[in-house]
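The lines below spell out each chain.
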Amino acid sequence: MIPSSHGSRLRWLTELLASWQALWQPAPFYYRRLPWAEDFSALRDYLLALDDRDCARLEQDPFASSVLYDWLPVVDLAESIRLPALFQAQSPLPNAWSAHVGGRKWRQLEAFVHQVEMIPGQPLVEWCAGKGHLARTWSRFHDQPAVGLEWQPELCRLGQQLADRQGVALRLEQQDVMAADAAGWLSPDAQVVALHACGDLHTRLLKQAAISGCDLTLAPCCYQRTAEYDYRPLSRLGRELADRYDLRLNRDDLALAVQETVTAPKAVRRQREQANAWRLGFDLLQRELCDHDEYLPVPSLAYGRLPMHFTDFCHWAAKQKGLSLPAAGIDWSHWEALGWQRLGEVKRLELARHLFRRPLEIWLVLDRALFLEEAGYHVELGVFCERELTPRNILMKAVSN
Ligand SMILES: C[S@@+](CC[C@H](N)C(=O)[O-])C[C@H]1O[C@@H](n2cnc3c(N)ncnc32)[C@H](O)[C@@H]1O
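Residues numbered from 1 in each chain as written. Predicted model: local features only at pLDDT ≥ 70, side-chain atom pairs only at ≥ 80, totals over all residues. Heavy atoms only, no water.

For the chain, an unreviewed UniProt entry supplies the name Methyltransferase and the organism Pistricoccus aurantiacus.

See the structure below:
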C-alpha cells in the first residue's frame, strides 16, 4: 500500500531506490561486463535469452506482464508510480485555436489549460514560454490577460505576432529567467505556469516561488539539464533521506528518469537503432585499437546527419575524439556486426533499469513537492494527459497557504 503523504512516500521510495541502486545505476552501454552480472547472473541470462518480441514489448511498457518478478521488486515499483489522472471528462477547445501548433503539442496544451484555474484579477505568467502557446490558449479560453517570459527574441516576436493576430491579450517579454530581475514577475498574487521547463529552469522557478509565494502549475522536464553534475535534493527531507539511505544521484541518473520516449516514427526509430549499433561497434573497435577497455562517449548526431556507411561513421567518431584509425587492415563488416550484436545485448540488459525510470522521476517530483511544502505550500500531484501525448506528463499544482 502506497503511503498517502508526499513525505512518507518519498521515504518509502528512497529506501526502495537505494536498495536497488547497484542494479539500476550502471548503464549497460558502458560496460562489457556489467557490475551486477555476477550477483544477478540468472537475471542476466534470462534477459539475454529474451526474443525480439518480448524485448520490444518490455521496452515499450516495462510493467505490462513483466516477466522479471522473480528477481526484481516489480510490484512495489509499479505501486510507486501510481498518480491520479487529472484529465478525465474535459471538454475540447475549439479546433481552430490549434492553428500553428503541432497535433500532439496541441492536445497537451488543451489538457494543461484545463488544469489552470482562472481567478479573476490574478495575473498569469508563463515561465520559459517559447511562442507562448500555453499562455495564449489559457488567455483566449478565459478572456484574461497573460504574460509569457522567453529569452529568445525571435520566439517572442513570432509568439507576439500570433497572439496579436488572434486578438489575444498575451504579452511576450524577452526575459532570461535565470537572471535576478526575473523574480520581479513573480508577485505573491501571480499564478505561474510552466510546461516542460528543463532542469535548472524549473528549479529556479521553484526557488523563486518559495520566496514570493505565487501559485504554480508546473510540468517538469529534462531534470538532467543542470549546471551541477551531482544532484543535491531540493527539499530538507530529500537531503536527509538521501544521506540516510546513501542514495547518490548525478546527472546521468537524472537522464535515466527521462529516457523513456513516446514511440517515434519508424524511420526515426530505425536510424536511432543504427546509430546505437554503430556507436557500440565503434566503441569495441576503439577499445581494441587503443588497448584500453573503457567506453568512449561519442557526441550524438541529429536525425538525418548519420553518415551513410559504418566506415564513414567510425572516421567521423574517431575525428571527434582525436583518434587516428589505421588506413588499412580493419575488417569493417566484422566490427559493424559486433556492434549490432552488442546492441541486442545492451537493449536486453537495459530492461532491468527501465523498471526504475518512472520511480526515479516520481522521486524527483516528490522532492520538488516537499520543497514547496516545506515553504508553506499545499501541493497536488497527478498526470495531466496520457503518456502517449508526452511521457513528461506529471503535473504539480502548488498553492501557497
Ligand atoms: C522545452 S521549451 C518549452 C517551451 C514551451 N513551454 C512549450 O512547452 O512549448 C523551453 C523554452 O525555454 C526557453 N529558455 C531556455 N532558457 C531560458 C532562459 N534562461 N530564460 C528564458 N527562457 C529560456 C527556450 O528558449 C525554450 O523556448
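### Describing the packing of helix α12 (residues 266-290) against helix α13 (residues 310-320)
In a pair of packed helices, the angle between the axes and the distance between the axes together describe the arrangement. Contact pair α12 / α13: the axes reach a minimum separation of 10 Å and the direction vectors enclose 65°. Handedness of the crossing formed by α12 with α13: right-handed. The segment α12 lies against α13, with W278, R279, G281, F282 and L285 engaging F310, F313, C314, A317 and A318. Tallied by class, the residues present in the contact of α12 with α13 amount to eight nonpolar, one polar and one charged. (Axes fitted to C-alpha atoms, helices over the stretch in contact; angles between N-to-C directions. Helix = DSSP H or I, 4+ residues; strand = E, 2+ residues; numbered from the N terminus. Left-handed = near helix turned anticlockwise from the far one by under 90°. Contact = heavy atoms within 4.5 Å. Nonpolar A, V, L, I, M, F, W, Y, C, P; charged D, E, K, R; others polar.)

### Thoughts on the nonpolar core
Counting 73 residues, the largest nonpolar core has L47, W127, L249, W363 and L372 as the members making the most contacts within it. Considering every element that reaches this core, the biggest residue donor is helix α14 (residues 332-374), with 15 residues. Mapped onto the domain boundaries, this core takes at least three residues apiece from domain 1 (23-65 + 264-356) and domain 2 (95-247 + 357-400). W363 has contacts with L10, L13, T14, L17, Y231, P233, G238, L247 and L249, leaving out every residue within four places of it along the chain. In terms of nonpolar packing, the next biggest core, distinct from the first, is built from 28 residues, W106, V116, L134 and L195 among them. (Core = buried A, V, L, I, M, F, W, Y, C linked by side-chain atoms within 4.5 Å. Buried < 20%, exposed > 50% of the residue type's maximum accessible area, 1.4 Å probe, protein only. Domains from an automatic or database assignment.)

### Some points on the sheet that holds strand β1 (residues 124-127)
Strand order in the open sheet formed by seven strands is β3-β2-β1-β4-β5-β7-β6, and the pairing between neighbours is mixed. Of all strands in the sheet, those bounded by a partner on one side alone are β3 (170-174) and β6 (377-383). When the angles between neighbouring strand axes are averaged without regard to direction, this sheet yields 15°. Across the sheet, helix α7 (residues 133-142) is in contact with β1, β2 (146-150), β3 and β4 (191-198); its angle to β1 comes to roughly 160°. (Pairing = 2+ DSSP bridges.)

### Thoughts on the site of the ligand
With respect to spatial proximity, 16 residues lie near the ligand, and among them K105, E150, D176, V177 and L195 are the closest. Between the ligand and D176 there is a distance of 2.8 Å, counted from a nitrogen atom to a side-chain nitrogen or oxygen. Relative to its unbound accessible area of 590 Å², the ligand is 79% covered by the protein chains. Residues that form the shell around the ligand fall into these classes: eight nonpolar, four polar and four charged. (Near = heavy atom within 4 Å. Polar contact = N/O pair within 3.5 Å; in protein donor to acceptor, adjacent residues only side chain to side chain. Areas by Shrake-Rupley, 256 points an atom, 1.4 Å probe, with all protein chains shown as cover.)

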